[in-house]
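# An overview of the molecular structure
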Amino acid sequence: MKSARGPGMPGRFAVAGLLLVYAAFAGAQSIFASGFQLGDLPFNPPSSVLCTAADPRCGPAYDPGHPMSAGELAQAIQAGMAAWRFHGARGSCSGCHLPDALDLAMGGFSDDSIRRRSATHIDPQRAEAVVNLVHAVRQKFELTALFHPTALRPLQPGFEPFHEITPGLPVWDSTGQRERDQAFTDHLVNDLHLLWATGTVDSLPKAHQAYDELHAVNLRRLKLGIPFDLFSEDGFYGETHKSVFEWFPDIASTPNSGMGGAFYALVDAYIADPTDANLWAYYDAVSTHTTCDPDLAGANIDDYARACHWMRQKYRSLQFFGHLLRRRDLKYPDFLADLRSAQPQAQYRDHLDIVVARNPVWEAGDLLRIAPLQRPAATACNETNHPCTLLPPVVDETVHNIPTPREARIKQSEVFQQSWFVMSWLADPALLYEGDSFATFIGDYLESVLLPYYDVHHAFVVAKMAVEKSAASDWVNAPGFRQGTGKIASVRTFSFKQLRDNFSPPPRNDPRYPVHARMFANFARIWIYLVEEDVRVSGSIYDRNEVMRAVRFMRTWIAQLEGQEDARINALVGALEASAAAATELRSQQNISENPGTGLQPNGRWAEFDTPYVP
C-alpha cells in the first residue's frame, strides 16, 4: 500500500520502560569517532523535523493517558495485519512497506492522509483497519513523539543537510549546490579546523596529524551539504512533491504462488524477535520467495524489467533502514549475523557475495547510473550503449515535469545517485563491500556524480577514502582486486581517474577556490610523507610501479596548486625512489594476471610518470 506511506520516528522512544535513543550530531567535536559507539549519545533532533500537535499534516502520537486496552490493542493488530497483507490493487501494503507498518507508525501522517492514499489500493474498511494498526503500533512501541511527514531523510547525518542561502531552489539547482558546498567548506575549516583544509602539511608529524584527523571523522555524524532523499513524497501537496525518488517502491513485491506461507512465517519470526539474523532470513527470502507484482494498472510487467529491479532494490533498502528504526540505533546490522553460530570469526572479506547482496543502498543508486530514467538528446536512450529505466505509466505519472519531463527525469536521476551513493559510502568509506565492480571499489562512480556539482565534498571524499583504504589492515590479504588494501604504500590507496586531467576546482573568484587548492596540495603532501615513511620502515611496497607513478604525479601537484615547487618534497621523493627500488614487492604477478586493469586509474595514461624522479 504505497499510497499510505509515511516517514517518521519519534524524538525519544520508551520501550518496555527503557529509554532508547539515537546518536545524533551535537556540534563540531562530536563528529570524531574516538570514545563512543554509535547509539551511545542522547538524541536531540532539531525541532524543524518534529511534528507539533497543531500541525494538521501530523497524525496522533501515542498518548499514555489514553491507551487502548490489551484486548483492543490485540484486536487492532490482528485486523490491521490482515488488511496490511491483503492483496489489493497493485499488491499489498506490506509489499511496499515494513512488515508490520512500523514505518507508518513512526511517521507523522494524519489518519486522513493514510485513508486518502490507501483509496487506490484497498477498500475503506481495510483502510480503516490500517489506520487502527498504525495507532496500535504507536502504542506498542510507546511512540510519544513523531517526525514530521516531510522531514525524515534516512541516514542523513544530523537529520538535516546544510541549507542553501537562496530560498526556493530545487535540490538539483546549481546555485543551491554551490551554496551547500560552501557551507560544508566553512564547516570543515571553521568548525572542525582540519589541518588538511586549513594549514600546510610540511613535515612528517603534520602528515600524521592530518591523516589521524581525517581518519577520526565519523561520517555518520558529519553534517553534509548533500540532501539525502526523503523517506516519502506526496504529490497531493504540489507538483514539486511528485517524485519516485523516495524510499518506498511504487511496484510491490508479492510472494510467489505457493510461497506466501513460508515467506510470512519468516517475516513473523522477525517481528517477534528482530535480531540481525532474523532480518537476513526474511530479507534473503525477498529474492527467493517474492517477485514484482504484475498488476501495473494495465501495463505489462515484462516491459518494465529494469523498473522492477530498481524498485526491489529500494524495497530491500527500506527493510534495511527499517531495521535501524526498529532498534533505535544507527549502527548497521552485522551482514554475517546468521553465520556467527557456526563461524564466530567470519570476516566480510571472505563472504563478499553475501555481504554485497545484503548491502542494497549502493546498488539502488547504481541501477540508475547504468540506466537512468532519461538521458540528454545527444546520448538518447537506446538498448545498446545508452540504456534507460522505463517506468510504467501508473508510476511515471508520479514524477513531476519541471521544467520539462525530460529534464526532470535527467536531473532527478543524477540527484538520486548522489544521495544513495554518498549515504552508502558513509558506512563503508573504503568502499570495501558496496559491489563487485572494480570501478565501484576505487570510487570512480561516487566521485563522478559529485563532479562538478559539489567540488569540496568531492575533495573530502578523495582524502577520506584514501585514508580509510590505507587503514583497512584486515583487508591486506583480501581476494581479487581488493588485495593490498590496508597499506599506505599500496596502489589500493590511490585512484586518480577523476583527477588525472582536472581537479575540477570552483571558479577562481569563488571563496571555495583557495581552500579546494589547499586540500589537494595537502593530499599530495600527506601521502608523499607517509608513503616514504612506510617504505623506509617496512621495506615493502604493494605494486611498486603504480605507487611510484602516483607519487611522481602527486609531486607535480605542489607547483600546480601552490605556484612553486617545494625543495623538501622534491628531496623526499628522490629518497623514496631509492628506497622503493630496493623494497620487497608484495603484489604477485599472479594477482596482476588474475585482475587485469586494476592498477592506477585510468589505465594506460601514466607513461609520463614511468621515469624515476631525480631532484
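What comes next is a walk through the structure. Note that the structure is a prediction, hence the values are computed from the model and not measured.

## Focus: the overall build of the protein chain
For the protein chain, the helix and strand inventory stands at 21 helices and six strands. Expressed as a percentage of its 615 residues, the buried residues of the protein chain come to 59%. For the protein chain, long-range pairs separated by at least 24 residues make up 77% of all intrachain contacts whose partners lie at least 6 apart in sequence. When the accessible surface of the protein chain is summed, it comes to about 23300 Å², and 54% of that surface belongs to carbon and sulfur atoms. In the protein chain, 55 side chains carry a positive charge and 70 a negative one; their mean positions are 2 Å apart.

## Thoughts on the pattern of salt bridges
Scanning the model with the defined rule gives 37 salt bridges in all. Here Arg358 ties to Asp284 by a salt bridge, and the two come within 2.7 Å at their closest N and O atoms. Residue Arg358 is found in the loop between helix H11 (352–357) and helix H12 (360–370), and its partner Asp284 is found in helix H9 (residues 276–289); the two are separated by 74 residues along the sequence. A salt bridge links Glu414 to Lys411, with the nearest nitrogen and oxygen atoms 3.8 Å apart. Here Glu414 pairs with Lys411, and both are found in helix H14 (residues 405–427), just three residues apart, close to one helical turn. Connected via shared salt-bridge partners are Asp181, Asp455, Asp510 and Arg512.

## Comments concerning the nonpolar core
Counting residues in each nonpolar core, the largest one holds 175 residues, and the members touching the most others are Trp196, Phe496 and Trp527. Ranked by residue count, the leading element in this core is helix H18 (residues 513–538), at twelve residues.

## Considerations on the state of the cysteines
Under the counting rule described, the total for this entry stands at three disulfides. Put simply, Cys292 and Cys308 are joined by a disulfide, and their sulfur atoms are 2.1 Å apart. Residues Cys292 and Cys308 are joined through a disulfide that is right-handed, its torsion about the S-S bond being 105 degrees. Placement of the pair is Cys292 in strand S4 (residues 290–292) and Cys308 in helix H10 (residues 305–327), with a sequence separation of 16 residues. Taking the relative accessible area as the measure of exposure, Cys292 reaches 5% and is therefore buried. Covalent S-S linkage joins Cys381 and Cys388, the inter-sulfur distance amounting to 1.9 Å. The disulfide joining Cys381 to Cys388 has a torsion of about -70 degrees about its S-S bond and is therefore left-handed.

## Structural notes on the side chain of Ser424
Among the structural elements, Ser424 can be located in helix H14. Those residues in contact with Ser424, other than ones at most four positions away along the chain, are Asn359, Val361, Trp362 and Glu434.

## Some words on unusual backbone geometry
In this model, Ile402 is joined to Pro403 through a cis peptide bond whose omega is -5 degrees. Note that Pro403 resides in the loop between helix H13 (393–396) and H14. In this structure, Pro602 follows Gln601 across a cis peptide bond, with omega equal to 0 degrees. The topology assignment puts Pro602 in the segment after helix H21 (589–594). You will see that Leu155, though not glycine, has its phi angle at about 70 degrees, which is positive. Take Leu155: it is sitting in the loop between helix H4 (124–140) and helix H5 (174–191).

## A word on the packing of aromatic side chains
For the coordinates displayed, the defined rule picks out 42 aromatic pairs. Between Phe335 and Tyr433, the aromatic rings sit 5.8 Å apart at their centres with planes inclined by 65 degrees, giving edge-to-face as the arrangement. Residue Phe335 is found in the loop between H10 and H11, and its partner Tyr433 is found in the loop between H14 and helix H15 (438–441); the two are separated by 98 residues along the sequence. Seen from their ring centres, Phe523 and Trp527 are 6.1 Å apart, and the 55 degrees between their planes marks the pair as tilted. In this pair, Phe523 and Trp527 both sit in helix H18, four residues apart, roughly one turn of the helix. Looking at Trp527, the relative accessible area reads 1%, which means it is buried. In textbook terms, an aromatic cluster arises when at least three aromatic residues are bridged by ring pairs, as seen for Tyr211, Phe494, Phe496, Phe503, Phe520, Phe523, Trp527, Phe553, Trp557, Trp606 and Phe609.

What counts, and at which threshold
Residues take numbers from 1 onward in each chain, read along the sequence in its written order. Only residues with pLDDT of 70 or above have their local features reported here, since the model is predicted, and side-chain atom pairs are shown and tallied only from 80 upward, although totals for entire chains, interfaces and linings are computed over all residues. Neither water nor hydrogens contribute to the side-chain values; these are computed over all heavy atoms in the structure. Working definition: helices are DSSP H or I runs of at least four residues, strands are E runs of at least two. Numbering for both runs from the N terminus. For every residue, the accessible area obtained with a 1.4 Å probe (protein chains only) is divided by the maximum for its type, and the residue is called buried under 20%, exposed over 50%, and partly exposed between those limits. Residue contacts are counted whenever heavy atoms from the two residues lie within 4.5 Å of one another. Surface accessibility in these figures is a Shrake-Rupley result with a 1.4 Å probe; residues are shielded only by whichever protein chains are displayed. His is not counted, nor are the chain ends; Lys and Arg add positive charge and Asp and Glu add negative charge. Charge positions are represented by NZ for Lys, CZ for Arg, CG for Asp and CD for Glu. The salt bridge definition used is simple: a Lys or Arg side-chain nitrogen within 4 Å of an Asp or Glu carboxyl oxygen. Joining through side-chain atoms within 4.5 Å is the link that ties buried Ala, Val, Leu, Ile, Met, Phe, Trp, Tyr and Cys residues into a set, and such a set is a nonpolar core. Here, a disulfide means two cysteine sulfur atoms that sit within 2.5 Å of each other. Ring pairs are drawn from Phe, Tyr and Trp, using the six-membered ring of Trp, whenever the two centres fall within 6.5 Å, and their geometry is named by plane angle: stacked under 30 degrees, edge-to-face over 60, tilted for the rest.

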